[in-house]
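Here is what each chain is made of, one letter per residue.
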Amino acid sequence: MEVNEILGHVDHTLLRAYATWEEIEALCEEAVTLHTASVCIPPCYIRRVRQKFDEELKICTVIGFPLGYSVTEAKVAETRQAIEDGADEIDMVVNISDVKNGDFDKVTQEIISVKRECLNHVLKVIIETCYLTEKEKIAMCRAVTDAGAEYIKTSTGFGTEGAKLSDIALFKEHIGAAVKIKAAGGIRTKEEMEAFLEAGCDRIGTSAAAGLLK
């Protein structure tokens, strides 16, 4: 797989709590040069990035990140503000406590509420696979499908483990036909990115995109 093809599937990511404007600006400049699918940045930088880069790149941001246990109303408000500030895509973390409690209907309704606020913008749902059993992962495939989100996403990158190819295979078996897959967490080399794309992912969340050209 050619490097440029891989880069077209990458959400070029910087979500460290201490990320500076200079680092975010450099990330965005790299994304424009590399033609990545988007940049994935903290919500506090959306407006500034949109003002500087206008329509040169797609902006992805995170909601309920990274722990997922903020209430639905807070996630909806975060989403509304992110869209107003100029975000194109939303990556939300589900309430993992609700998942562990088996309250999948509540999780589905929360995704529906956030998706409604997204309007016509892309919603990716982070289920944080490292904390879930296979049964819970399957239930989340159904929840994401039923809620009408565009993507199911493996991980925040802040959990105990990142993306696994076995989870991609499980997702493919249980998600609806309209749902795409994003893998994130620990994916750094060209070989790893290629493996996840060939396994069925449409997006890769990584901070290592620029390294592919070295």
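Conventions and cut-offs
- Residues numbered from 1 in each chain as written.
- Predicted model: local features only at pLDDT ≥ 70, side-chain atom pairs only at ≥ 80, totals over all residues.
- Heavy atoms only, no water.
- 1 Å grid on protein atoms, 1.4 Å probe; cavity = no way out; pocket = protein on both sides within 12 Å on 5 of 7 lines; lining within 4 Å.
- Points joined across faces, edges and corners; volume = space filled by probe spheres on them.
- Nonpolar A, V, L, I, M, F, W, Y, C, P; charged D, E, K, R; others polar.
- Pairing = 2+ DSSP bridges.
- Helix = DSSP H or I, 4+ residues; strand = E, 2+ residues; numbered from the N terminus.
- Axes fitted to C-alpha atoms, helices over the stretch in contact; angles between N-to-C directions.
- Contact = heavy atoms within 4.5 Å.
- Phe/Tyr/Trp six-rings, centres within 6.5 Å; stacked < 30°, edge-to-face > 60°.
- Buried < 20%, exposed > 50% of the residue type's maximum accessible area, 1.4 Å probe, protein only.
- Lys NZ or Arg CZ within 6 Å of the ring centre and 35° of its normal.
- Disulfide = S-S within 2.5 Å.

A. Structural view of the layout of surface pockets. Each pocket or cavity is described by its volume, and for the largest pocket that value is around 340 Å³. Taken together, 16 residues make up the lining of the largest pocket; nearest its centre are Thr13, Thr156, Gly157, Thr206 and Ser207. Of the residues that constitute the lining of the largest pocket, the class distribution is five nonpolar, eight polar and three charged.

B. Inspection of the sheet that holds strand 5 (residues 122-126) at higher detail. The eight strands are arranged 1-2-3-4-5-6-7-8 in a closed barrel whose pairing can be described as parallel. Along the sheet, successive strands turn relative to each other by an average axial angle of 25 degrees, direction set aside. Relative to strand 2 (residues 38-41), strand 1 (residues 10-13) is paired through three bridges, and the arrangement is parallel. Looking across to strand 2, one finds that His12 is bridged to Val39. Strands strand 1, strand 7 (180-184) and strand 8 (203-206) of the sheet are contacted by helix 9 (residues 190-199), whose axis makes an angle of about 150 degrees with strand 8.

C. Highlighting the packing of aromatic side chains. Following the criterion strictly, the structure yields two aromatic pairs and no others. Each ring, one from Phe65 and one from Phe158, has its centre 5.2 Å from the other, and the planes form 85 degrees; the classification is edge-to-face. With Phe65 in the loop between strand 3 (59-63) and helix 4 (72-85) and Phe158 in the loop between strand 6 (151-153) and helix 8 (165-174), the pair connects residues that are 93 residues apart, well separated along the chain. By relative accessible area, Phe158 is classed as partly exposed at 46%. A cation over a ring is seen here: Lys52 above Phe53, with NZ or CZ 5.7 Å from the ring centre. The ring of Tyr151 has Lys124 lying over it, and the distance from NZ or CZ to the ring centre is 5.9 Å.

D. Molecular detail of the state of the cysteines. A complete count under the given rule lists zero disulfides for this structure. No disulfide involves Cys44; its sulfur sits 12 Å from that of Cys28, the nearest cysteine. The class of Cys44 is exposed, set by a relative accessible area of 63%. Cys60 carries a free sulfur, and the closest cysteine sulfur to it, the one in Cys40, is 3.6 Å from it. Residue class for Cys60 comes out buried when judged on its relative accessible area of 0%.

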